[in-house]
Amino acid sequence: MSAHAASSNSHDHSHDHDDHHHNPGFLKKYFFSTDHKTIGLQYGITALLFLAFGFYLMMVMRWSIAYPHQPLPDWMGCFLTDNWKARWLVDGKVSGETYNMFGAMHGTIMVFLGIVPLGFGAFGNYVTPLQIGAVDMAFPKLNMMSYWIYLAGGLLMCASFFMESGAAKSGWTNYSPLAGFADGQIVNQWLAGQTQWLIGLVLLITSSLLGAVNFITTIINFRARGMTWMRLPFFVWAMLVTGFLLLLAFPPLEAAGIMQLMDRVAHSSFFMPTGLFTKSEGLADLSGGGSPLLFQHLFWFLGHPEVYVLLLPAIACVAEIIPVNTRKPLWGYKSMVYSVLILGFLSFIVWAHHMYMTGMGDAVSTFFQTTTVLISVPSVVIITALLISLWGGSIRFTPPMMWACAFIPMFGIGGLTGLPLAFNLVGLHLHDTYYVIGHFHYVVAPGILFGLFAGVHHWYPKITGRYTSRFLNHLHFWPSLICMNVLFFPMLVQGMAGFHRRWYNGGDAYLAKAADSANVFGVIVRDYIDLNIVMSYGAWILAVAQIPFIINVLFAWKKGRKVENDNPWDATTLEWATPTPPGHGNFTFDVAVYRGPYEYSRPDCDEDYFPQWQAPNKTGEESNEKETH
Amino acid sequence: MEIPYIVNARKDTGLFNAKIAIWLFLASEVMLFGGFFSAYVFMRLGADYPWPERTLPVLPGLINTFVLIGSSVTVVFAWAALKLRNWRQFQIYMWITVICALIFMVLKGVEYNVKFHHQAVRLKDYTVLEGHLAYIDGTKIEKNRIKLELNPGSTITYNNLRVHDAWVEEILAEAKAAGATLKLAAEVKGAEGFSDADTIYFAKDADLTVELLDKFEKAHIKARNHNQKIRTQALRDAWKVAEKQNPNKSNWEYSDKVSIDQEAIKSKLLTDIPAATFVADKSFQISFKPRDVKEGPEQSKLRDDTVINAKLLPSPMDFHYLDAIDFQYLVMKAEKKGIKPEVAIENSWLLKNDPFAREAWAWHQANVDELKKRLIKDYGLDEKGNPNREPTHKELYRIGWKEFAKYGEETHKIKLSVTDKLKEEFMGPNYKARNPDEKESNSHDSHEEVAHGDSHDRVTFPHLSVPREQIGFASKFTPSWNTYYAIYFTITGLHGLHVVGGAIVLAYYLFFGRRMYEENPEWLCNRVEVGGLFWHFVDLIWIFVFPILYLM
Amino acid sequence: MANSVEEIQKSKKTYLLVFGALLIGTIVTVLVATVEALDIGEHGFDKWDAILGMLIATTKATLVGLIFMHLNHEKKAIYWIFISALVLCASMFAILFLAKYSPIFDSYFYL
């Protein structure tokens, strides 16, 4: 046999059996599909359900904060069984242990089971191959496995709510030694919620790693003819960087998770210091010699890039929506691309700003302070570019545009409130206070989530062939915007007053009842504690405000106004060159890209947009058309 | 619809998909093992106990290194053979690769097994002893147990919600073996409702069984759920009243005055059964792992909240073969306090109580003196008159099994064959061969106190019985023993899993690749190349693991 | 990528040479660690032994990477991916060493 490589057209048995006759059964089509679009939708629906669950946990937490001594009202507890309530709601009240469990799981579910799968798994999977002109992801079966491993990990974590130990309860950050000990009274450690959290985490990390490999390979190797790197939509650049962040930042957390798992089931002392003494165990029967600080380093090594993994897909959506709805190119595309690359790199070396109170020493703190302040620069460049992109545009306030425009100031507040936290000295005052909670919720909730809502409305017509209802969107948007601010702004105030995180009674235990008490802190708590009630009502009304969104998404699928053509928004990027919805293989023609992704309002064009895939005018204005292969 | 670039590279990037993917995956693996290695550095720099240097036998690790490097070569030769379309050669090289992987895992398994059966204990004065635990009737019983004795009238109280069934079965088995029974101490009445028919009644003297405890649990849960509903409603009502009485006040201003009206709800509550007490009628003994029990002289509590009113028996840790004495930790603690090492060692429990240890230590001191003299002779003194080279802490303060073995060889002329000595490099000390005149006595009972020195012609690796009160921390050589073993087992275990995974992939191509070879040989080449890349990475990690964990 | 028959035959010889180098490197590492006469720095394990051990290991790893894993004639993109991971890994280590300057750091057996 010769040593020649097979020619590119010879029998390349690189497909699965659905090659010429694509008639998979129901299960294969809707459940075990290897098509990136179906998988994207699976991720999206699952993530939204997890987000709703995490939201419910938060509502119960807010009850405990606002009314710590009162039993949970029936309408909130209607989902809970009597048995569960008897175990976890003593006299109907949310106990400290229950609050901790809800708090830890709220964080975990929102971050790992909600936003990342929604942003990266759902939007990334659906849109990225379309925007680069690919037929599918590079490894469709691996893509499917990614989804199912994610679901398995998520369900395992949630199943632990029903165990004797309850779910994990040591914060979403799961610090040792508490997380190494919690649920220690359970004889079979494998049945403890804390242990299952770790196992679920390992599954989630595996799913993310597989997904990241798929994304990066696809973006590198599946770009259409003419799609050079600088012609990629910003969305794809953001997904590329997100993929690298997931790929390189998650493994140290996996290492930490495995080590903590060993601490729990093999009784090792990776993170257990010598001489640990607990009320239930006395002097711990462990070798000691370990370091709780090591867990924090490894956790935050992921933890910081993780927040950019949360952010970048949302910014990606907003960056696509703004040009379409202003009919003008994205301002500063090149700077945005370089900024997102620098942001990705810098995000790996800022992690210890989460650890200013651990006594790391001046050298280390100064280093991280410097890099943290530096990393604000690329973020500001990106947000400013988005803002300037609005200037002089012919703005259409479609539902996606409303959410995208709200994203910019909300994320702006989130980012600006983060700046003080970059400093070591300020950390002394603000670490572990409600200020931090306010900051990161501003970034994630009215920030990232608004960006993702924008994405839902923007691509809904491509997925279903119908527009979402504008009226229902207004019902969703305005109350959400107001309630988000009502809920999170007072947190910044309370935080600066000194309210700690994770107080299950909202500060009730610390308050000084007498107005002239000598307990200064108690008096301050007393002055701001009533904000808790305002915030909790904000949260509960916010819940009601999401109902129009659920109705919108469900009804518009069958009853929404139909789109006029395959490109209802008159956009320029490749996903709008597909049929609606795109079929298996995505494109019905041989895709070639002739220009950049945001060619709007060109003076030499009749239309106010010039799609990437449209062949050049005969006048030969495209003198720098690049051939790739 | 065809996925492109599976077999052929894309022109501008020059890569096919799987190659990008595997390098991305390897990058993530670099970060994974990097996380573990940085944990190693962190643990070592921050260790507050003497870090075990060169504590693992080098020979198995060295052989594994050669085996893995060899397999790395053969896998690349296998790929080359495939590229040259030589199926036979590919098969041969792949076979060798997979067999190398098997050898690696077998050696690793042997290493792990030896470690898992080897016991270590740190005494309260920080002396560390290592060896193998007691035998019973010639069988090795590697158990370290806290022993309790129940007598007639001793009680066991179970927490009905949390009771661990396996322990109930164990206690029942021990009782049965001694002809004892456990019976319900007093009648138990629970209520599932308010009428007489709903009362659950368990008579006094019912036998303890897992099923009985399950019945208690069910009844308790029913009552608990009902009671919680009543109490919740009562608290809600109390709040409603309080809110009316305190208009315009924040709820925290009067929250401490709101409480459940206990009298009003008393009649509505059902009797629940949180615990059940059983009494023994004859004496028998039970034992538990130290981790599972908080023992006290008259009362002990298990991890599942079972309270056992029983006498705590002496539960020493019996070393059938002691094979290492390590004073490094004791010396470290002493130096921190400003006490001289020699003084601290002389005052240790071990040297004060065990004549064999005293002998061995004296012999060891003589060796150390000789070593010091030789170092001065070979390396000289510096300007200040201090020796250029001094013995390490390990050489000064630790008697390892090899030194004990030399002690036996020198004082009792024990000689081992070359093969036996080689086996010891893998399996640890050969106790039997080093005590050739010892008769294996059948009366050896872990309850018997074996006098030291009177060890049935034991010439090395003595007996030692360590009283429970002297024990600070005990563990086999598992991840729980110290952070070094924790990181060692974690890194090598994870690496071993990668070896297994890689070997499975390569074996798959070996056994099932023929068809792919016939249909699309270049595709198989790509897959073998990608699998080979993973295999090389596994070898790469081992290249670092070996010196770091075995030699440093 | 070695594609033709002659290139692959030539690279086979290189593989064997590298194999030999790896074996020698391993033996050297073990000898330096176990034979007292070859112990650099102080008696017993000290930082010079660690540095030497790591140097030898890194050389072996580089040989495996360049030659067995074909990095010496691989595309730039692959280099970028792998080297970036190594750089990040190194930075993770480097920053941990900064822990030595922390006020609460206290090591009895200094590396």
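The structure this text deals with has already been given above.
Residues numbered from 1 in each chain as written. Chains lettered and ligands numbered in written order. Predicted model: local features only at pLDDT ≥ 70, side-chain atom pairs only at ≥ 80, totals over all residues. Heavy atoms only, no water.

A word on the overall build of chain C
Counting its regular elements, chain C contains three helices and zero strands. Tracing chain C from N to C terminus, the helices and strands come up as α-α-α. Here chain C, with 111 residues, has 38% of them falling under the buried criterion. (Helix = DSSP H or I, 4+ residues; strand = E, 2+ residues; numbered from the N terminus. Buried < 20%, exposed > 50% of the residue type's maximum accessible area, 1.4 Å probe, protein only.)

Examining the overall build of chain A
Scanning chain A for helices and strands turns up 19 helices and two strands. Relative to its length of 629 residues, chain A is compact, with a C-alpha radius of gyration of 25 Å against a globular reference of 25 Å. Over its C-alpha atoms, taken along the principal directions, chain A stretches across nearly 85 × 65 × 55 Å. The burial tally for chain A puts 64% of its 629 residues in the buried class. In chain A, the share of contacts with a sequence separation of at least 24, taken over all contacts with a separation of at least 6, comes to 78%. Roughly 22700 Å² of accessible area belongs to chain A as shown, and the carbon and sulfur atoms make up 67% of that amount. Of note, chain A has its 33 positive side-chain charges centred 5 Å away from the centre of its 38 negative side-chain charges. (Rg over C-alpha atoms; globule rule 2.2 N^0.38 Å. Contact = heavy atoms within 4.5 Å. Areas by Shrake-Rupley, 256 points an atom, 1.4 Å probe, with all protein chains shown as cover. Lys, Arg positive; Asp, Glu negative; His and termini not counted. Charge placed at Lys NZ, Arg CZ, Asp CG, Glu CD.)

Some remarks on the packing of helix H5 (residues 96-132) of chain A against helix H9 (residues 234-265) of chain A
All names here are of chain A. Interaxial distance between H5 and H9 falls to 10 Å at its minimum, and their mutual angle equals 135 degrees. With respect to each other, H5 and H9 are oriented oblique. Between H5 and H9 lies a crossing whose hand is left-handed. In contact with Phe112, Gly119, Phe120, Phe123, Gly124, Val127, Thr128, Gln131 and Ile132 of H5, H9 contributes Phe235, Val236, Met239, Thr242, Gly243, Leu246, Phe250 and Leu253. Taken together, the residues of the contact of H5 with H9 break down into 11 nonpolar, six polar and no charged. (Axes fitted to C-alpha atoms, helices over the stretch in contact; angles between N-to-C directions. Parallel < 35°, antiparallel > 145°, perpendicular 65-115°, else oblique. Left-handed = near helix turned anticlockwise from the far one by under 90°. Nonpolar A, V, L, I, M, F, W, Y, C, P; charged D, E, K, R; others polar.)

Points about unusual backbone geometry
Residue and element names in this part refer to chain A. Omega for the peptide link from serine 176 to proline 177 comes to -5 degrees, which places this bond in the cis form. When you line up the elements, proline 177 lands in the loop between helix H6 (140-159) and helix H7 (178-181). Following threonine 580, the chain continues into proline 581 via a peptide bond in cis, with omega recorded as -10 degrees. Within the chain, serine 601 stands out as a residue other than glycine whose phi angle is a positive 50 degrees.

Topic: the interface of chain B and chain A
A common way to express how large an interface is: the accessible area buried when the components associate. Contact with chain B, which involves 74 residues of that partner, is made by 91 residues of chain A. Carbon and sulfur atoms make up 59% of the surface buried where chain B meets chain A, a total of about 7000 Å² over both sides. Across the contact surface, chain B and chain A share six salt bridges. At the boundary of chain B and chain A, one finds 22 residue pairs in polar contact (both at pLDDT 80 or more). Counting residues per element, the ones that place at least two in the side of chain B that touches chain A are helix H1 (17-45), helix H5 (210-245), helix H6 (251-254), helix H16 (483-519) and helix H17 (521-551) of chain B. Counting residues per element, the side of chain B that touches chain A draws most heavily on H1 of chain B, which supplies 16 residues. (Buried area = accessible area lost by both parts, 1.4 Å probe. Salt bridge = Lys/Arg side-chain N within 4 Å of Asp/Glu carboxyl O. Polar contact = N/O pair within 3.5 Å; in protein donor to acceptor, adjacent residues only side chain to side chain.)

Concerning the pattern of salt bridges
All chains considered together, the criterion is met by 34 salt bridges over all chains. One salt bridge in this structure joins glutamate 522 of chain B and lysine 83 of chain B, with 2.8 Å as the shortest N-O distance. In this pair, glutamate 522 of chain B sits in helix H17 while lysine 83 of chain B sits in helix H2 (residues 58-83), placing the two residues 439 residues apart along the sequence. Accessibility assignment for this pair places glutamate 522 of chain B and lysine 83 of chain B in one class, buried. Glutamate 425 of chain B is paired through a salt bridge with lysine 402 of chain B; the nearest N and O atoms lie 3.0 Å apart. Pair noted here: glutamate 425 of chain B is in helix H14 (residues 418-427) and lysine 402 of chain B is in helix H13 (residues 401-412), with a separation of 23 residues, a long-range link. Here the salt bridges share partners, and the residues they tie into one network are Glu164 of chain A together with Arg162, Lys301 and Asp305 of chain B.

Some points on the sheet that holds strand E14 (residues 307-308) of chain B
Residue and element names in this part refer to chain B. Strand order in the open sheet formed by six strands is E7-E10-E6-E14-E13-E12, with antiparallel pairing between adjacent strands. Both outer strands of the open sheet, strand E7 (182-184) and strand E12 (293-294), are each paired with one neighbouring strand and no more. Where E12 meets strand E13 (residues 300-302), two bridges bridge the pair, whose relative direction is antiparallel. Residue pairing for E13: valine 293 is matched across the bridge by leucine 302. In the packing of H5 onto the sheet, the strands contacted are strand E6 (155-159), E7 and strand E10 (275-280), and the crossing angle to E10 comes to about 155 degrees. (Pairing = 2+ DSSP bridges.)

Topic: the pairing of strand E9 (residues 199-202) of chain B
Residues and elements named next belong to chain B. Here E9 shows a clear split, with Ile200 and Phe202 buried on one side and none of Thr199 and Tyr201 buried on the other. One ladder, built from four bridges, connects strand E8 (residues 188-191) with E9; its direction is antiparallel. Opposite glycine 190, over in E9, you have isoleucine 200 as the bridge partner.

Some words on the sheet that holds strand E11 (residues 284-288) of chain B
Residues and elements named next belong to chain B. Ordered by their spatial adjacency, three strands build an open sheet running E11-E5-E15, and the pairing between neighbours is antiparallel. Each of the sheet's edge strands pairs with one partner strand only, and the pair in question is E11 and strand E15 (311-312). As paired elements, strand E5 (residues 146-150) and E11 share five bridges and run antiparallel to each other. Bridge pairing in E11 links glutamate 149 to glutamine 285.

Description of helix H2 (residues 47-68) of chain C
For H2 of chain C, built from 22 residues, the straight-helix expectation of 32 Å at 1.5 Å per residue is met to within 8% by its first-to-last C-alpha distance of 30 Å. Residues of H2 of chain C that are buried: Asp49, Ala50, Gly53, Ile56, Ala57, Lys60, Ala61, Val64, Gly65, Ile67 and Phe68 of chain C. Among the structural elements, H2 and H17 of chain B together with helix H1 (5-34) of chain C are those in contact with the buried residues of H2 of chain C. Directly beyond the C-terminal end of H2 of chain C, a positive phi value near 60 degrees is found at histidine 70 of chain C. (Expected span 1.5 Å × (residues − 1).)

Observations regarding the packing of aromatic side chains
Residue and element names in this part refer to chain B. Considering all chains together, one arrives at 93 aromatic pairs over all chains under this definition. When the centroid spacing of 4.5 Å and the interplanar angle of 80 degrees are considered together, the rings of phenylalanine 202 and phenylalanine 216 count as edge-to-face. One end of the pair, phenylalanine 202, is in strand E9; the other, phenylalanine 216, is in helix H5, and 14 residues separate them in sequence. In this structure phenylalanine 216 comes out as buried when scored by relative accessible area, which is 0%. When the ring centre of tyrosine 379 is taken as reference, the NZ or CZ atom of arginine 389 above it lies at 4.5 Å. (Phe/Tyr/Trp six-rings, centres within 6.5 Å; stacked < 30°, edge-to-face > 60°. Lys NZ or Arg CZ within 6 Å of the ring centre and 35° of its normal.)

Topic: the packing of H5 of chain A against helix H8 (residues 193-221) of chain A
All names here are of chain A. H8 packs onto H5 with a crossing angle of 20 degrees between their chain directions and a minimal axis gap of 11 Å. The pairing of H5 with H8 is recorded here as roughly parallel in orientation. In this structure, the crossing between H5 and H8 has a hand that is left-handed. In this structure, H5 contributes Met105, Thr108, Phe112, Leu113, Phe120, Gly124, Asn125, Thr128 and Ile132 to the contact, and H8 contributes Trp197, Leu201, Leu204, Gly211, Ala212, Phe215, Thr218 and Ile219. Of the residues belonging to the contact of H5 with H8, the class tally is 11 nonpolar, six polar and no charged.

These figures capture arrangement, not role.
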